[in-house]
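Breakdown of the fold
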Amino acid sequence: AKKTYKMADDFLWGGAIAAHQAEGFWDVDGKGVSIADVLTAGDNQTARQITDGVVAGENYPNHHGVYFYETYKEDLALLKEMGFKAFRTSIAWTRIFPNGDELEPNEKGLKFYDDLFDEMNRLGIEPVVTLQHFEMPYHLVTAYGGWYNRKVIDFFERYARVVLTRYKDKVKYWMTHNEISNQASLADAHSTFQVWVNSGLKFDEKATLDEKLEKMYQAAHNELVASARAVIIAHELDANLKVGCMLAETPIYPATTKPEDQLAALKATQAREWFADVHVRGAYPATLETMFARKGFRKNVTEQDFDELKRGTVDYFAMSYYMSWVVRAVAEKTVVLDDQRSVALTPNTEIQASDWGWNIDPKGLRFVLNQLSDRYPNLPIMIVENGFGAYDELVAAEDTDNAELTVHDGYRIDYLREHIRAFEEAVALDGVNLIGYLSWAPFDIVSAGTGEMKKRYGYVYVDLDDFGNGSGKRYKKDSFYWYQQVINTQGQDL
Ligand code: BG6
């Protein structure tokens, strides 16, 4: 057997979900409509559509989620049984400020998260909470134009202040905007989805790439200022609160040894990683400043912004990791940051992909952990998403300890084992300061990218289909017992 390593006793083993993919009950107890509530169902061939408001007769999977709003005690008990030390979820902004621009929060929404965090603390499961996970109030899009509008900075600040104040004694680990870096990929096929969920932006079909970039960079700037303010508020409330940024980390490899391809990979990396520089160092890198000056992007800024960015740097680095990419330079074009068409994604023939086309690359996890550790020395890193979306088949269990049904998900165990091995090597052999591993998602939830239920990640199977039909019952998969043993041995028994 390959050598394994033991993680420190205080290492945060656990899992992660997001409110809009799990809670359901999208319109109860005063909750407002979020940008996730107007996303229809898709699949691995069909993109989710963004409708104008909630349209009768459409299938909106986030409306039902997996009913976590009601089942959270039962679900948390299962996580506890696996030995979870930490669990990440998000607060649905629309439960607290239904439209986003109210002055007073919705008490019923606040009460729900009181109960949820109390239950986690009672079980000894550390809450890790995302402030904005693809779920801004829809009203802030229709009335203000999403994050492009600076007013949204103030609305977010109000929301952040309310929840940080309310839960400061219940939640120590926070993060601001989920996968803020995804919106950088404006030239790829999923860009409509990404700018929508990150920033509430919807581009005119005739918009040029420059027009889109201008909007995205301004919206991202506004989000970064809002994030910095949340960090400042948190530290004023309690110096022990830890607030992180959250980026989707995807190592980007050059397709060939051609110098053009090396440069293309570097430029594609810069296009995604600069968000982290602002979050961590409190300033934009020179590549971005130069491009902004050249192009006239990110114009709507104040002196105060830059001061807040400096003061509101993050305490730790949260990241998701699912896959790596390969890129090549497109012939005849100069590789530059502001023309993403000068870089093209290409398939990686060296490794396998999931049924949704996501490259499976455990070594890439060690690669990015090393990169980040070199780039931001000493900054603690937490993996807050990593997992294998796959079709599962519910079958009769041979060993019926407490249920008749199970899933034999050896493929999921294989994926997770190799990724855990990769981060253990990064810690033990490379000295990376990794403080936790929260896999995505410990029980099946609605897929963010496709809206499917059948793209499953869980250790626990949830009996619901793509239309929300099913018993909703929870069944332990093989991976449940496997992960339990991993945690129990601090990562030694893989
Ligand atoms: C990340 C998101 O992009 O990946 C999650 O933060 C999402 O919300 C996860 O669920 C997996 O993606 P998908 O599309 O398979 O649900």
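These numbers come from a predicted model, not from an experiment. (Residues numbered from 1 in each chain as written. Predicted model: local features only at pLDDT ≥ 70, side-chain atom pairs only at ≥ 80, totals over all residues.)

Comments concerning the overall build of the protein chain
On a plain count of helices and strands, the protein chain comes out with 14 helices and 15 strands. The C-alpha radius of gyration computed for the protein chain amounts to 21 Å, which stays within 12% of the reference 23 Å derived for 494 residues, consistent with globular compactness. Each of the three principal axes of the protein chain carries a C-alpha extent, and together these read 65 × 55 × 50 Å. Residue pairs in contact within the protein chain that sit at least 24 positions apart in sequence constitute 75% of those at least 6 positions apart. (Helix = DSSP H or I, 4+ residues; strand = E, 2+ residues; numbered from the N terminus. Rg over C-alpha atoms; globule rule 2.2 N^0.38 Å. Contact = placed C-beta atoms within 7 Å.)

Examining the site of the ligand
In the vicinity of the ligand, 14 residues are found, and the nearest of them are Ala-18, Gly-389, Ser-447, Ala-448 and Gly-449. For the shell around the ligand, a count of residues per class yields 4 nonpolar, 7 polar and 3 charged. (Near = placed C-beta within 6 Å. Nonpolar A, V, L, I, M, F, W, Y, C, P; charged D, E, K, R; others polar.)

Brief notes about the nonpolar core
Ile-381 and Phe-423 are the most contacted members of the largest nonpolar core, which has 149 residues in total. For this core, the element with the most residues is helix 8 (residues 209-237), which contributes 12 residues. Apart from residues no more than four positions distant in its own chain, Phe-423 is found in contact with Leu-365, Leu-369, Ile-383, Leu-434 and Tyr-437. (Core = buried A, V, L, I, M, F, W, Y, C linked by C-beta atoms within 7 Å. Buried ≥ 20, exposed ≤ 12 C-beta atoms within 10 Å, placed from the backbone.)

With respect to unusual backbone geometry
We note that Tyr-67 has phi near 60 degrees; this positive angle belongs to a residue other than glycine. Look at Asn-378: it is not a glycine, yet its phi comes out positive at around 75 degrees. With respect to the element layout, Asn-378 can be found in the loop between helix 12 (362-375) and strand 10 (381-385). A count of 6 C-beta atoms within 10 Å places Asn-378 in the exposed class.

Observations concerning helix 4 (residues 107-123)
Over its 17 residues, helix 4 runs 24 Å from end to end, which matches the ideal 24 Å to within 8%, given 1.5 Å per residue. All of the buried residues along helix 4 are Gly-109, Phe-112, Tyr-113, Leu-116, Phe-117 and Met-120. What you see down the axis of helix 4 is that its buried residues fit within an arc of 120 degrees, all on one side. Turned more than 90 degrees from where helix 4 packs its buried face, Glu-107, Asp-115 and Arg-122 sit exposed. Contacts from the buried residues of helix 4 go to helix 2 (68-82), strand 2 (86-90), helix 3 (93-96), strand 3 (126-132) and helix 6 (151-167). At the exit of helix 4 stands Gly-124, carrying a positive phi of roughly 75 degrees. (Expected span 1.5 Å × (residues − 1). Arc of directions from axis to C-beta.)

A look at the packing of helix 8 against helix 11 (residues 303-311)
Describing two packed helices takes the angle between their axes plus the distance from one axis to the other. Remark: helix 8 packs on helix 11, axes separated minimally by 8 Å, with the N-to-C direction vectors making an angle of 50 degrees. By the criterion of interaxial angle, the relationship of helix 8 to helix 11 is oblique. Helix 8 and helix 11 meet at a crossing whose hand is left-handed. Judged by residue contacts, Leu-224, Val-225, Ala-228, Arg-229 and Ile-232 of helix 8 engage Asp-305, Glu-308, Leu-309 and Arg-311 from helix 11. (Axes fitted to C-alpha atoms, helices over the stretch in contact; angles between N-to-C directions. Parallel < 35°, antiparallel > 145°, perpendicular 65-115°, else oblique. Left-handed = near helix turned anticlockwise from the far one by under 90°.)

A closer look at the sheet that holds strand 9 (residues 343-346)
Strand order in this open sheet of 3 strands is 6-8-9, and the pairing throughout is mixed. Looking at the sheet topology across the chains shown, the edges are occupied by strand 6 (252-254) and strand 9. Averaged over all adjacent pairs, the angle separating strand axes in this sheet is 45 degrees, with direction ignored. Bridge count between strand 8 (residues 325-329) and strand 9: 4 bridges; the pairing is antiparallel. Residue pairing across strands places Ala-329 opposite Val-343, the latter belonging to strand 9. Helix-sheet contacts for helix 9 (residues 259-281) involve strand 6, strand 8 and strand 9, and the interaxial angle to strand 8 is about 125 degrees. (Pairing = 2+ DSSP bridges.)

So, the environment of Val-330
The residue Val-330 is located in the loop between strand 8 and strand 9 in this model. Spatially, the C-alpha atom of Val-330 lies 9.9 Å from that of Gln-340, the residues being 10 residues apart in sequence.

Focus on the sheet that holds strand 1 (residues 12-16)
Two strands in a sheet stick together by hydrogen bonds in their backbones, pointing the same way (parallel) or opposite ways (antiparallel). Pairing is parallel in the closed barrel, where 8 strands are placed in the order 1-2-3-4-5-7-10-13. Strand after strand, the sheet turns through a mean of 30 degrees between neighbouring axes, direction not considered. The pairing of strand 5 (residues 242-249) with strand 7 (residues 316-321) spans 6 bridges and is classified as parallel. Paired with Glu-249 across the bridge in strand 7 is Tyr-321. In the packing of helix 8 onto the sheet, contacts are made with strand 3, strand 4 (173-177) and strand 5, and the angle to strand 4 comes to roughly 160 degrees. Its contacts with the sheet place helix 12 against strand 5, strand 7, strand 10 and strand 13 (434-440), and it is angled at close to 160 degrees to strand 7.

With respect to the environment of Tyr-253
Position of Tyr-253 among the secondary structure elements: in strand 6. Separated by 13 residues in the primary sequence, Tyr-253 and Leu-266 have C-alpha atoms spaced 8.5 Å apart. Residues in contact with Tyr-253, not counting those within four places in the same chain, are Ala-265, Ser-324 and Val-326.

Some details on the packing of helix 12 against helix 13 (residues 410-428)
The geometry of helix 12 relative to helix 13 is characterised by a closest axis approach of 8 Å and an angle of 30 degrees between their N-to-C directions. On the basis of the axis angle, helix 12 is roughly parallel to helix 13. At the point where helix 12 passes helix 13, the crossing takes the right-handed sense. Contact residues: Pro-362, Lys-363, Leu-365, Arg-366, Leu-369 and Asn-370 in helix 12; Glu-418, His-419, Arg-421, Ala-422, Phe-423, Glu-425 and Ala-426 in helix 13. The residue makeup of the contact of helix 12 with helix 13, split by class, is 6 nonpolar, 2 polar and 5 charged.

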